[in-house]
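Structural characterization, general
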Amino acid sequence: MIVRRAVTVLAGSVALMTASISTFAQGTSIPRNWHLLSYEKDSVLGIGAEKAYKELLKGKKSTPVVVAVIDSGIDTTHEDLKSILWTNPKEIPGNNIDDDGNGYVDDIHGWNFLGGKDGRSIKEASDEATREYLRYRRIYGNPDSTMDRTSREYAYWQKLVEKVVKPTSQYKASYRTMTKLHDNMLKCANILTTYLKQDDFNGPRLDSIETTDQDVMVAKNFMTRLLQSTGEQNVAYLDFKSEFEEYIDDLKKKAERADEGEVDKRKEIVGDNIDDINDKYYGNNDVMGEFAFHGTHVSGIIAAARNNGLGIDGVADNVRIMAVKVVPDGDERDKDVALGIRYAVDNGAKVINMSFGKGFSPNKDWVDDAIKYAESKGVLLIHAAGNDASDNDVVDNFPSAHYNDHSRATNVITVGASGAGRKTSKVANFSNYGKTEVDLFAPGVQIYSTVPGGNKYGSASGTSMAAPVVTGVAALVLSYYPSLTAQQLKMVLEKSVSPLTDSMVTKPGTEEKVPFSSLSVTGGIVNAYNALQLADSMVNGDKKKGKPKLQPVKKG
């Protein structure tokens, strides 16, 4: 996930600048597995998973659950993931034959809808708004003069102009400013690392510097203000640098998108007809491909092998992860999303994680039909709410639980991101929200998980990290109570949230204080312990106490 806040240093002062990126580190006092912990015991707003394993699940048997991760790809060689990957039982590896007759040759661990027959994969793509803007320009030339200004299509064109053209000049100015800031940051960092004789540092280390060297003191003051501008404690310089450079790269792409046109190697690499949903047998079986960081991180959150003495523990302990690659570095295509959902359903997934989203969906009907198909097969979809600090009740975020026919899906949960709540915010400052469109919140700030490239681990923030926490809880509950339908499972997760009783929080993207309950349908944070209790009560009945009492998290 990219960074949520960047910093602008102008006229000697540090100001925060909002962008579509996630937060920096929360501080060393918060455990790496905080999202699995409990407020009562650990004073963090985790999901109570570790408590559930100790108190509710010890000695109980579970059933494996197939979870599809529709994302950017997965590092199938990772030490904490290779044992929990889904393996197609009907396919013989490496024989170049479609043994199971599903149209996808050698789909051992899933399928790559961004791949070509020659083994290559699409890495980068334009955002959907730019693709639509350029498509309209190709069709209408100058839509402002050729289109009926009272038509729905013209209203749509105006939305595209607002999204693509007008912000471009702002992105260009921001890119220039941030590039200068980056240059100054590197100069100061070079002075400090030379003085400290170490490559990394944080605020406390800078505070310890006392010297008469004016260059060092100027660099110290600059970097101190820069790191403090994140609003988080003990931010390490190298972590800040990495995410800041991703932010600058993202700004550059946005500044250039309307000028340079569409980034699209689809025809060259994949070769399908992008306008034909029935042209569906394309891609390849390289589910790692390029750009697998995101999907690898998501998969580890859900189901990294537990209690194996390695890196991390996933939320769920009996899951098989199916890799469905549809997300490039850019916006996913509706066609790939729709076919990815159908592939997952047809191959046995009972829960699907969708940590992606966009503001335009030109072929929404295709995705709607796929969600309806999943609904008919009893499959639950978990979707990230988005990282723009936007109100999803007002701003579009696709895929959506709303169908074009005005009905609503019964098998979709949309997830916002919460923080640890210990010396940090309870709601992630980047998270989208919505009293009617976001169902619940889940831990999504500095979540430690698997990353690709040689059995590595790292932290990332975003609703992309919050969604797999919920997916993990869904899979955990379903593995112990497999008779639950998708609608019952959705109800269990939503009815068992931990509400932040009487808690006022800062509305993302603003300084306004609002009740936490106003930011989502349930007004709560997903809770594995409560969900398992409620599921047991529904399936087996609670002979002793009746309905489980769900403990709210008190203010503080």
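It should be noted that the structure appears before, not after, this text.
All of the points below concern the structure found in this document. Please read all numbers here as calculations on a predicted model, not as lab measurements.

1. Comments concerning the packing of aromatic side chains
Tallied over the full model, the rule gives 16 aromatic pairs. Taking the centre distance of 6.3 Å and the plane angle of 80° together, the rings of F113 and Y343 count as edge-to-face. Placement of the pair is F113 in the loop between β4 (110–112) and α3 (128–140) and Y343 in helix α11 (residues 334–346), with a sequence separation of 230 residues. Take F113 and Y343: they sit in the same class, and that class is buried.

2. Some points on the nonpolar core
Residues I47, I321, V470, V473 and V477 are the most contacted members of the largest nonpolar core, which totals 70 residues. Considering every element that reaches this core, the biggest residue donor is helix α13 (residues 463–480), with 12 residues. For I47, the residues in contact, after removing those within four places along its chain, are H35, L36, L37, V315, P443, V469, V473, V526, N527, A528 and Y529. Judged by nonpolar contacts, the second largest core, of 38 residues, contains Y104, V324, A338 and V367.

3. What to know about empty space enclosed by the protein
Following the criterion strictly, the structure yields 2 cavities of 30 Å³ or more and no others. One number sums up the size of the largest cavity: a volume of about 70 Å³. Along the wall of the largest cavity there are 14 residues; nearest its centre are I122, A125, R266, P328 and R333. Among the residues making up the lining of the largest cavity, the classes are represented as 6 nonpolar, no polar and 8 charged.

4. Digging into the packing of α13 against helix α15 (residues 528–540)
Two elements in contact, α13 and α15, have axes whose closest approach is 10 Å; the angle formed by their N-to-C orientations is 30°. The angle between α13 and α15 falls in the class roughly parallel. Judged by the twist between their axes, the crossing of α13 over α15 is right-handed. Together, V473, L476 and V477 of α13 and A528, A531, L532 and A535 of α15 make up the contact between the two elements. When the residues that make up the contact of α13 with α15 are grouped by side-chain class, the tally is 7 nonpolar, no polar and no charged.

5. Here's the deal with the layout of surface pockets
Size it by volume and the second largest pocket reaches roughly 820 Å³. Taken together, 32 residues line the second largest pocket, and the ones lying closest to its centre are K159, K364, D396, F398 and N404. If you list the elements that add at least two residues to the lining of the second largest pocket, you get α3, α5 (152–196) and α12 (364–376). Per-element accounting of the lining of the second largest pocket gives the leading share, 5 residues, to α5. Within the lining of the second largest pocket, the residues separate by chemical class into 11 nonpolar, 11 polar and 10 charged.

6. Observations concerning unusual backbone geometry
Here F398 and P399 are connected by a cis peptide whose omega angle stands at 0°. In the Ramachandran plot, N307 falls in the positive-phi region, its phi being about 60° despite a non-glycine side chain. Structurally, N307 is set in the loop between α10 (293–303) and β5 (319–325). The backbone of H406 sits at a positive phi, close to 75°, despite the residue not being glycine. By the secondary structure assignment, H406 is in the loop between β7 (380–384) and β8 (412–418). For H406, a relative accessible area of 76% corresponds to the exposed category.

Cut-offs applied
- Per-chain numbering applies: the sequence of each chain, read as written, is numbered from 1 onward.
- Local features are withheld for residues below a pLDDT of 70 in this predicted model, meaning they are given only at 70 or higher, and side-chain atom pairs are given and counted only at 80 or more; totals for whole chains, interfaces and linings count all residues.
- To get the side-chain values, all heavy atoms of the structure are used, and hydrogens and water are removed first.
- Working definition: rings of Phe, Tyr and Trp (its six-membered ring) pair if their centres are within 6.5 Å, and the pair is stacked with planes under 30 degrees apart, edge-to-face with planes over 60 apart, and tilted otherwise.
- Numbered from the N terminus, helices here are DSSP runs of H or I no shorter than four residues, and strands are runs of E no shorter than two.
- The rule is simple: take the accessible area with a 1.4 Å probe, protein chains only, and divide by the maximum for that residue type; under 20% is buried, over 50% is exposed, in between is partly exposed.
- To qualify as a nonpolar core, a set must consist of buried Ala, Val, Leu, Ile, Met, Phe, Trp, Tyr and Cys residues joined through side-chain atoms within 4.5 Å.
- Working rule for contacts: check all heavy atoms of both residues, and any pair within 4.5 Å makes them a contact.
- Grid points spaced at 1 Å over the protein atoms alone were grouped into cavities, where a 1.4 Å probe fits but cannot get out, and pockets, open sets with protein on both sides within 12 Å along at least five of seven lines, with lining residues defined by an atom within 4 Å of a point.
- Grid points are joined across faces, edges and corners, and a volume is the space filled by probe spheres set on the points.
- The residue classification treats Ala, Val, Leu, Ile, Met, Phe, Trp, Tyr, Cys and Pro as nonpolar and Asp, Glu, Lys and Arg as charged. All others, Gly included, are polar.
- Under this scheme, a helix contributes an axis fitted over its contacting stretch, all axes are lines through C-alpha atoms, and angles between N-to-C directions fall in the 0 to 180 degree range.
- Under this scheme an angle from 65 to 115 degrees is roughly perpendicular, one under 35 degrees roughly parallel, and one over 145 degrees roughly antiparallel; angles in between are oblique.
- In this scheme, a crossing is called left-handed if the near helix is turned counterclockwise away from the far one by less than a right angle; it is called right-handed if the turn is clockwise.

Coordinates in, geometry out; function isn't part of it.
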